[in-house]
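Next come the chains, spelled out residue by residue.
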Amino acid sequence: MRRPCSQRRSFDGAHGARPRALALVMLGAAFAASCSRGGGGEQGAAPAGSAGRAPASSASAGAGAGAGRSAADPRGRPAAVKELSVRKLAPGAAVTIDGRLDEPAWQAAARTGPFVNVGTGREDRSLPTQGEARLLWDDAFLYVGFDVSDQTITGGFPQGASDPHLWERDTVEVMIDPDGDGDNKDYYEIQIGPQNLVFDSQFDDYNAPKGGPNGPFGHQAWSAGLASAVELRGTIDDDSDEDRGYVVEAKIPWSSFAKAKAAPPSPGDVWRMNFYAMQNNGGAAWSPILGEGNFHRARRFGRVRFVGVGGETGGAGASTSDAGAAPARDAGAAPVNAPSAAPPGPSSAAGARPGAAVPSASAGPKPVYRADPPDR
């Protein structure tokens, strides 16, 4: 019997809605199950790493431009840390600490290639501070040379200052984890600024100990006992001329690394290190941090493998796969800071160049750039 239209509508509303509602419930349950199996999205997909590793997600790593997934590759895998093989100096080879990287040993030294943006891992010519580092070693010292491009060389600290906060202006920085495990236990920080002043400290753990916003930072009583020299390509704290950068040359005695399992290292040993060219608490790095912390994050330090004179366990002066040509040093440029030997105890600095005015303590920083993450 054909029902009136009003009856048909009532029947459809009472009975036809049930299958549709049931279908919606089943669809929702299937979607929820699929999400549960996904393990929490990007955080769940983060690759395994050392204990306490930050999730490799854009939320956790995205404090700076280009950080997070795009900082590595399109598939979201974290970029591999850099690696460098460093050959031992041959017997009789000499390195003079004068701020010039012109000895044959330096010409054949291992080079990091151009530093990269700490957040993206890519070369970034827009950064106001660029650089690269070179490395050598023998049974007594680790030799480090920096070539930095900088159009506004800034110092402004009192000459002879002990452990000044060099990262607030211009400086180069070396981070060293002798055990090579990247766990941030017992690592060292050394900075040398264009005035040839030194900040050096030893840390028990990631950024620890720390005395507060103004420090002390780590165990500042520790001294690297290094000798260093700086050569300027321009005039420090003077914007009336054109600055092009500076060169830092240093030798660090292995005996300073009391926390190392073995110092000097043997051919084949691997230490973790990172190198930075800094300005105003930011800058460029050899091995990028990629948003996993600040410049102290040891698991992002590169791997430095020590190679014997004859090439044991590696090639002579082998460099990273993406290392480029070294920045050219101005021919004939004269060293402007005398070599400095920092004795054990509080860090010391070199004297100013002959006839040069001592930079004023009142000269302030020139904040033109701040990288993310900052060093402090």
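Refer to the structure above for everything that follows.
Residues numbered from 1 in each chain as written. Predicted model: local features only at pLDDT ≥ 70, side-chain atom pairs only at ≥ 80, totals over all residues. Heavy atoms only, no water.

Engineer: Is there a simple way to think about the packing of aromatic side chains in this case?
Structural biologist: Remark: the centre distance and the inter-plane angle together describe each pair of aromatic rings, the angle taken between the planes. One pass over the structure, following the stated rule, counts 17 aromatic pairs. For the pair Trp-254 and Trp-271, a centre-to-centre distance of 5.2 Å together with 75 degrees between the ring planes defines the contact as edge-to-face. Taken as a pair, Trp-254 in the loop between strand 10 (245–253) and strand 11 (270–279) and Trp-271 in strand 11 lie far apart in primary sequence, 17 residues in all. What makes Trp-254 buried here is its relative accessible area of 2%. The exposure class of Trp-271 is buried, given its relative accessible area of 2%. Measuring from centroid to centroid gives 5.6 Å for Trp-254 and Phe-306, while their planes differ by 80 degrees, and the two rings are edge-to-face. Pair noted here: Trp-254 is in the loop between strand 10 and strand 11 and Phe-306 is in strand 13 (residues 302–307), with a separation of 52 residues, a long-range link. (Phe/Tyr/Trp six-rings, centres within 6.5 Å; stacked < 30°, edge-to-face > 60°. Helix = DSSP H or I, 4+ residues; strand = E, 2+ residues; numbered from the N terminus. Buried < 20%, exposed > 50% of the residue type's maximum accessible area, 1.4 Å probe, protein only.)

Engineer: Help me understand the side chain of Glu-249 in this model?
Structural biologist: Mapping Glu-249 onto the fold places it in strand 10. Despite its burial, Glu-249 pairs with no opposite charge; the closest candidate is Arg-100, at 8.2 Å N-O. Here the side chain of Glu-249 touches Asp-98 through a polar contact of 3.0 Å, landing on its backbone nitrogen. Only 2.9 Å separates the side chain of Glu-249 from the backbone nitrogen of Gly-99, close enough to count as a polar contact. (Lys, Arg positive; Asp, Glu negative; His and termini not counted. Salt bridge = Lys/Arg side-chain N within 4 Å of Asp/Glu carboxyl O. Polar contact = N/O pair within 3.5 Å; in protein donor to acceptor, adjacent residues only side chain to side chain.)

Engineer: Explain the pattern of salt bridges to me, please; I cannot follow it from the model alone.
Structural biologist: In a structure, side chains of opposite charge can pair up when their charged atoms sit close to one another. With the rule as written, the count across this model stands at seven salt bridges. Salt-bridge contacts for Arg-134 lead to Glu-132; the nearest nitrogen and oxygen are separated by 3.7 Å. There is no split in this pair, since Arg-134 and Glu-132 are both buried. Between Arg-233 and Asp-147 there is a salt bridge, with its nearest N and O atoms 2.8 Å apart. Of this pair, Arg-233 sits in strand 9 (residues 227–233) while Asp-147 is found in strand 5 (residues 141–150), placing the two residues 86 residues apart along the sequence. As far as the burial class goes, Arg-233 and Asp-147 line up, both buried.

Engineer: Which parts of the structure should I look at to understand the nonpolar core?
Structural biologist: In this structure, Leu-142, Phe-146, Ile-192, Phe-257 and Phe-275 are the most contacted members of the largest nonpolar core, which totals 41 residues. Excluding residues that lie within four positions of it along the chain, Phe-275 makes contacts with Thr-112, Phe-115, Ala-133, Leu-135, Val-144, Phe-146, Glu-173, Val-174, Ala-284, Ala-285 and Trp-286. The next biggest cluster of nonpolar side chains, apart from the first, holds 17 residues, and it includes Trp-167, Met-175, Leu-197 and Phe-199. (Core = buried A, V, L, I, M, F, W, Y, C linked by side-chain atoms within 4.5 Å. Contact = heavy atoms within 4.5 Å.)

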